[in-house]
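Read off the chains here:
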Amino acid sequence: MEKPGVTLSAAVQEHLRHLCLREFPCGTGSWNKSRFLPRTWRTWRELVPREEEAVNPGEETVEALLDLVRSPHSPWALLEGSNAEDRFLRELAIQNPLVLKDTFFYSYFRSLRVVDKQVSLVDKGLLKFLKLEELVLSANQIKEIDAVNLPPTLKVLELYGNKMSSMECLWTRPPPHLQHLGLGQNKLLGPLESLYVTADHWPNLVSLDLSFNDLTDLQGMIASLSTLPHLRLLVLQGNPLALVPYYRGFTIDSLSQLCVLDDITVSPSEKHQFRGLSHSGDLLAREAQFVVTIGNVKGVLDTSILDPEPGPQGPFITYNYYVTYDFVEDEEGEGSDYGGVLAEIVKPSPSTEQLVEDIPEELFEEAEDSVESGLSTLSGELEGSVASGGSGSLPQVTDSAEELAKLRPRIDPRLCPSPGTVLFSTVRKPWTNVIPCNYEMQHTLRDLVPLKAFLLAGTTVTIVEEKILSWPLVPPPVDTVLPAKKGEKDKKGEKDKDKKGKEGKDKAGKVEKETALKEQKASKKKELPKELRQDPPVLRVLGSGFVALEPLLGGEPLVSKVCNFGVIRTTETDRLTFLRDAKNKNKNAKKAPEAGKSKTKVPVSLEKEKSAVAAYNGDYQPQPLTVEVQIRLNQHLSAEEALREISL
């Protein structure tokens, strides 16, 4: 529960009380009373301690008292986080405690730090500090400040981590000599904020920190900042406006006197590379561009090795694997095929292995029954089932979580997008030891404030196994042996009539018929039915993990991660997979054409051979389930690159 706010004056008094300046070993008392002159003397000398050669019994020397406050192991040591002024006051309270009066405090303090003290109101008591130059009020509950209560001597004002939604309150009467203003980690929002950072209000401002707010109007903000003649240090990272690809170049070219931008020194080469970009500010698109790349998936269990061989009536089981991730919607963007997201495929990966067909909506109810009665997976449990859409070369996009919940009440929540996002997926691929996704998608977004919230929240990457059961539309005919039996009876009759003349011919005919029947049965087993009915896909989540995207908001151009979901294979399943692959390769080698070449056995890969040997030796460790993910924020590296995009 949030604590009630307090005034700044009350917080300062509470801080001084915690310093215990009038209690042992500070202040005056039985431990040092003989060091001071009698109070009957009304002279300045009453503030000067006596210089006595010996200390009275029961009293402590100044050095002993100072050791008590300086030693980190002492119970009277300062608390962790205390500043230099706190230490000075504690030592002064030992050396000359009679100096510590209210008038001394108000004239002594040049820097005042009140951090995380639940301050919500800066009252007029602050004006009593006549020489105050630095005021730090970070991590409090301040929503606005009456600038009238700020001392005119202020040179540094820091209000990080408060709840200020506008700088308008500082606009009325700002401290005229202020050189640094820190308003990072607040809630500044709206295009009007740029009106409050002009030279009319801050003529001596050298450093300005507006990081991690919700400012979106880069052109308007830079136009106002260009009026500040002494501005040399600027921090705007963490704002939505810093996500546009031309942010750094446009800012550097517009503010020629700037020395440091976002804690990075502005080099002469940077100024040269972005020269002239500021003249095209109105033509630059106010949108952010991200490229999501998904590479190889490793460590997937080949579930098909655990399935029985299908009979003539099925089911014929196929498995495919894909990766999903969620990305923010763009409500301001024009309509698109991806649920409102302005998305452009950079390198679509066509898939020739895709076997899934569109499932009509009429089969949704049938799908539930089919999923419940389907074959069990490796673990014996199905984590979720859903009817999936088409399998074209374009990445799949799922509708909102609310619509999915209505359509598939039993769907695994990890297969649903988080609120305000859209679910994207790679092309479905069959199993291999290393599944190459080859996925790359560009996301272009104009609604930058929700984009910032999404980057702070991060995305979820999920590896999904899709299992499809197929059945023949027309059941295959049942093989009968009646003709054979009938022939046998005829042959027996013929044997009775003429045992000597036709016995050889009957035996030859019987052998031919039996051979033809065997060949017919073998061909029926090899040929799959041409027309199959597919059940709705059964989806199983193999692994799901979080990917933090906040570094992109803090200025990093790339987030690259290998998501590790642990080991789902076993030594036994890997051994079965190896033996099956080796058997298939040997079969293919025997069927290879012999023209001009002698039969040679296809060698098994060295890596798999070593794995098999290790498995038999008992020191084999199955590979963990991993997927390679990269999210890159597009950033222009020169004015030419930014202007080229305008021409396109």
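Note: the structure precedes this text.
Predicted model only: the values in this text are computed from it and were never measured.

Moving on: the overall build of the protein chain. Scanning the protein chain for helices and strands turns up 17 helices and 21 strands. Restricting the contact set of the protein chain to residue pairs at least 6 apart, pairs at least 24 apart contribute 74%. Carbon and sulfur atoms form 54% of the exposed surface of the protein chain, whose accessible area is close to 35,800 Å².

What follows deals with the side chain of Glu465. Here Glu465 lies in strand S17 (residues 459-472). Glu465 sits in the buried class, given a relative accessible area of 1%.

Pairing within the open sheet is mixed, and its eight strands lie in the order S2-S4-S5-S6-S7-S8-S9-S10. On the outer flanks of this sheet lie strand S2 (111-113) and strand S10 (264-265), each paired with one strand and no other. Relative to strand S8 (residues 233-235), strand S7 (residues 207-209) is paired through three bridges, and the arrangement is parallel. Among the inter-strand pairings, Ser207 is bridged to a residue of S8, identified as Leu233.

Here the focus is the nonpolar core. In terms of nonpolar packing, the biggest core is built from 115 residues, with Leu135, Leu170, Leu225, Phe290, Leu451 and Val627 touching the most fellow members. No other element matches strand S12 (residues 316-328), which puts six residues into this core. Those residues in contact with Leu135 that sit more than four places away from it in its chain are Leu8, Leu112, Leu126, Leu150, Leu154, Val156, Leu157 and Glu158.

With that settled, consider the pairing of S12. Judged by how many residues are buried, S12 sits mostly within the fold: 11 of 13 residues are covered. As judged from the 10 bridges shared by S12 and S17, these two strands associate in the antiparallel manner. Opposite Tyr325, over in S17, you have Val461 as the bridge partner. As defined by bridge partners, S12 adjoins strand S15 (residues 421-425) across five bridges and the pair is classed as antiparallel.

We now examine the state of the cysteines. For the structure shown, the criterion picks out zero disulfides. Sulfur of Cys26: no disulfide; nearest cysteine sulfur belongs to Cys20 and is 7.8 Å away. Taking the relative accessible area as the measure of exposure, Cys26 reaches 0% and is therefore buried.

Before going further, it helps to spend a moment on the pattern of salt bridges. Under the counting rule described, the total for this entry stands at 15 salt bridges. Across the salt bridge formed by Glu287 and Arg446, the nearest N and O atoms sit 3.3 Å from each other. One end of the pair, Glu287, is in the loop between helix H8 (268-273) and strand S11 (288-298); the other, Arg446, is in the loop between strand S16 (434-445) and helix H11 (448-457), and 159 residues separate them in sequence. Residue Glu287 is classed as buried on the basis of its relative accessible area of 13%. Judged by relative accessible area, which is 38%, Arg446 ranks as partly exposed. Of the charged contacts in the structure, one is a salt bridge between Glu572 and Arg575, with a shortest N-O distance of 2.7 Å. A residue pair is termed a helical-turn pair when its members lie 3 or 4 positions apart in one helix, as Glu572 and Arg575 do in helix H15 (residues 571-591) at three residues.

The subject of this paragraph is the packing of helix H2 (residues 62-70) against helix H3 (residues 84-95). One can describe the packing of H2 onto H3 by two numbers: an axis separation of 10 Å at closest approach and a directional angle of 160°. Classified by the interaxial angle, the pair formed by H2 and H3 is roughly antiparallel. Regarding H2 and H3, the two cross each other, and that crossing is right-handed. Contact residues: Val62, Leu65, Leu66, Val69 and Arg70 in H2; Arg90, Glu91, Ile94 and Gln95 in H3. When the residues that make up the contact of H2 with H3 are grouped by side-chain class, the tally is five nonpolar, one polar and three charged.

Take the packing of aromatic side chains next. Counted by the stated rule, this structure contains 15 aromatic pairs. Plain terms: the ring middles of Phe24 and Trp31 are 5.3 Å apart, the flat faces sit at 80° to each other, and that makes the pair edge-to-face. The buried category is assigned to Trp31, whose relative accessible area is 15%. Relative to Tyr439, the ring of Tyr325 lies with its centre 5.9 Å away and its plane at 75°, an arrangement referred to as edge-to-face. Here Tyr325 is found in strand S12, whereas its partner Tyr439 is found in strand S16, with 114 residues between them in sequence.

A few words now on the environment of Pro191. Relative to the elements of secondary structure, Pro191 occurs in the loop between strand S6 (180-182) and S7. Residues Pro191 and Leu215, 24 residues apart in the sequence, show an inter-C-alpha distance of 7.3 Å.

Cut-offs applied
Residues numbered from 1 in each chain as written. Predicted model: local features only at pLDDT ≥ 70, side-chain atom pairs only at ≥ 80, totals over all residues. Heavy atoms only, no water. Helix = DSSP H or I, 4+ residues; strand = E, 2+ residues; numbered from the N terminus. Contact = heavy atoms within 4.5 Å. Areas by Shrake-Rupley, 256 points an atom, 1.4 Å probe, with all protein chains shown as cover. Buried < 20%, exposed > 50% of the residue type's maximum accessible area, 1.4 Å probe, protein only. Pairing = 2+ DSSP bridges. Core = buried A, V, L, I, M, F, W, Y, C linked by side-chain atoms within 4.5 Å. Disulfide = S-S within 2.5 Å. Salt bridge = Lys/Arg side-chain N within 4 Å of Asp/Glu carboxyl O. Axes fitted to C-alpha atoms, helices over the stretch in contact; angles between N-to-C directions. Parallel < 35°, antiparallel > 145°, perpendicular 65-115°, else oblique. Left-handed = near helix turned anticlockwise from the far one by under 90°. Nonpolar A, V, L, I, M, F, W, Y, C, P; charged D, E, K, R; others polar. Phe/Tyr/Trp six-rings, centres within 6.5 Å; stacked < 30°, edge-to-face > 60°.

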